[in-house]
Amino acid sequence: MDRVTWYTPGESMEDLLCQAGNVGIYDGDLKHSAFEQGTASLTLQRLIWADSSDPDCRLILHHSFVKKLEKHNKSMFSRGGKVIVHLHSPARGRANNGPVTHSPYNSVRFVFRGGGEDEFFRKYNEALARETWKRNSSSSSSAGSRNSQLPLANRGIGIAGIEKKLADNHTKTNDNISQAFEDMSKLMEYARDMVGLSKSITEKLRMKKGEITDDETVLFKQYLLSLGVSDPVTKSTFGNGAKYFEKLAQEISTVLEKPLSDCGGMMTLPDAYCRINRARGMELLSPEDLLNACEKLDAIRSPLSLHRFDTGVMVVQLRSRSVEKTVDETYDFVKANGYVTPNQLAAHIGITVILARERLLAAEAQAKLCRDDSVEGLVFYPNRFLELQEAN
């Protein structure tokens, strides 16, 4: 351990390769040491050990003294994994600036009580193989004389340099987060401006309806709808009570009535959730709020209603196109075709296969249809027994 020295300012091109905490340093085979708890930092030129209880107590082991490395994994009889550093013999007459003046051992043992010895051993070998300290030995003395006039934290080397680098990264991260929130605020401002613009253009279209064609009016209104709800219902305005959910139910009725008419009068709750949040822009709803608002559709006498199938599927539907009111329509379609699969009904009406299957099952529940569920798939047929009973 007489080749371990007290900390001095670092060398040029000194970069942190690896770091491990809860590391002790032992001289050769000795079982006790004054340096049992600290942080070991590996650079291209040296190994720096800093005492956990006294950061000013720092030790250096230069790579030029290292002959080879040896690793022992943690066992039930050891206090941690070990990396044994075998050292070259010290030069005669060399002045030692370290905690030990003379040592009978030519090795230093690093004990990793907190783990990390595998990565440290690998990085240590890589640093030794690169031999960076040899290439920079000629320039290190002149660089050291110039750096000695600078404060330690400003040199960007050693423990102080590492700490300063971490602090700079932390400051940079905070700046990036602050910038991100500023960009989000600007986006929300832009969204409000776009909604205001949509109102203005809609009003002008109403005033100048005769100067543009009906097709252009319909197309432009579709573009305006994609801009979202002009004044979405929020908890900050109406609170968390029943009034908020009633207002939200009114908004849902306004937004979904036209899309429901275009897609067969029925829409699954996940699809409704996506459409509502797309229309609301930045004021997103939670799934719980949407469900609570849909349960208020009956209370506000909305043209929409919430329906739950026996299978658990929940849908928002037009009252005029509810499952109960479309059973006869479904039966007539099956009767006209002889048999129908859920896929065929979905393609005919323009709804999802899940909803088409629910419609067919609803007609079956009223004994108007019978099903054949086989390896070829699910197929529905008209109930011939019901037709014979009606004929008699």
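None of the values given here were measured: they were computed from a predicted structure.

### Observations regarding the confidence of the model for the chain
- When pLDDT is averaged across the chain, the result is 77; 71% of the residues are at 70 or more.
- Ranking the elements of the chain by mean pLDDT puts helix α3 (residues 137-147) last, at 46, and strand β13 (residues 377-382) first, at 91.
- Counting contacts from residues 138-156, a segment whose pLDDT is below 50, to residues more than four positions away or on other chains yields 13 contacts.

### So, the sheet that holds strand β8 (residues 107-112)
- The strand order across the open sheet built from eight strands is β1-β5-β4-β3-β2-β8-β7-β6, with neighbouring strands paired in antiparallel fashion. This sheet does not close on itself; its edge strands, each paired only once, are β1 (5-6) and β6 (66-72).
- Where β6 meets strand β7 (residues 81-87), six bridges bridge the pair, whose relative direction is antiparallel. Considered in β7, the bridge of K71 is made with V83.

### Observations regarding the packing of helix α7 (residues 242-262) against helix α8 (residues 269-280)
- It is the contact of α7 with α8, at a shortest axis distance of 10 Å, that shows an interaxial angle of 105°. When the axis of α7 is compared with that of α8, the two are roughly perpendicular. Where α7 abuts α8, its residues L248, E251, I252, V255, L256 and P259 lie against A272, R275, I276, A279 and R280.
- Its residues assigned to classes, the contact of α7 with α8 comprises eight nonpolar, no polar and three charged.

### Digging into unusual backbone geometry
- Positioned with a positive phi, N22 is a non-glycine residue whose angle comes to about 60°.
- Here N22 is to be found in strand β2 (residues 16-27).
- Positive phi values are uncommon outside glycine, yet R301 reaches one of about 55°.
- Inspection of the secondary structure assignment puts R301 in the loop between α9 (287-294) and β10 (304-308).

Cut-offs used in this document
- Residues numbered from 1 in each chain as written.
- Predicted model: local features only at pLDDT ≥ 70, side-chain atom pairs only at ≥ 80, totals over all residues.
- Heavy atoms only, no water.
- pLDDT = per-residue confidence, 0-100.
- Helix = DSSP H or I, 4+ residues; strand = E, 2+ residues; numbered from the N terminus.
- Contact = heavy atoms within 4.5 Å.
- Pairing = 2+ DSSP bridges.
- Axes fitted to C-alpha atoms, helices over the stretch in contact; angles between N-to-C directions.
- Parallel < 35°, antiparallel > 145°, perpendicular 65-115°, else oblique.
- Nonpolar A, V, L, I, M, F, W, Y, C, P; charged D, E, K, R; others polar.

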